[in-house]
Amino acid sequence: EHVRFVIRNRTTMAHPMHLHGHFFVLDGGPLKDTAVVPPQVTARLDFVADNPGMWMIHCHNQYHQMAGMMRTVEVV
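Because the structure is predicted, anything quoted here is derived from the model rather than measured.

Caption draft 1: Region of interest: the sheet that holds strand β7 (residues 53-59). Taken together, the four strands give an open sheet; going across it, the order is β5-β2-β7-β8, and neighbouring strands pair in antiparallel fashion. Two strands bound the open sheet, and with one partner strand each, they are β5 (34-37) and β8 (70-75). With strand direction ignored, the average angle separating the axes of adjacent strands in the sheet is 20°. For β7 and β8, the ladder comprises six bridges, and the chain directions are antiparallel. Across the sheet, the residue bridging to methionine 54 is glutamate 74, located in β8.

What counts, and where the lines are drawn
- Residues numbered from 1 in each chain as written.
- Predicted model: local features only at pLDDT ≥ 70, side-chain atom pairs only at ≥ 80, totals over all residues.
- Heavy atoms only, no water.
- Pairing = 2+ DSSP bridges.
- Helix = DSSP H or I, 4+ residues; strand = E, 2+ residues; numbered from the N terminus.
- Axes fitted to C-alpha atoms, helices over the stretch in contact; angles between N-to-C directions.

Right, here's the structure in full:
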C-alpha cells in the first residue's frame, strides 16, 4: 500500500522528522529515512508500507520527542 503522511510544521523552527522501518520520498525527491521540515512548511512523505510491524515517526530532537512529537505507525 502506498501511504502519504502530510506534515505541517506550524512552528518557527525546523524539525528533522524520522520514520523507522521504511524509506520515503519527500516531495518527489530521493529516498530518505529522515527529512528536515523547515518552519511554516508542509511536507509530503510518500512511502510503500511493505515492512510489517510497529514503527515510530518522530522528530529527531529529543526534547521534542519528550514533548510529544513521536507517534507509532502499525503496518500489517
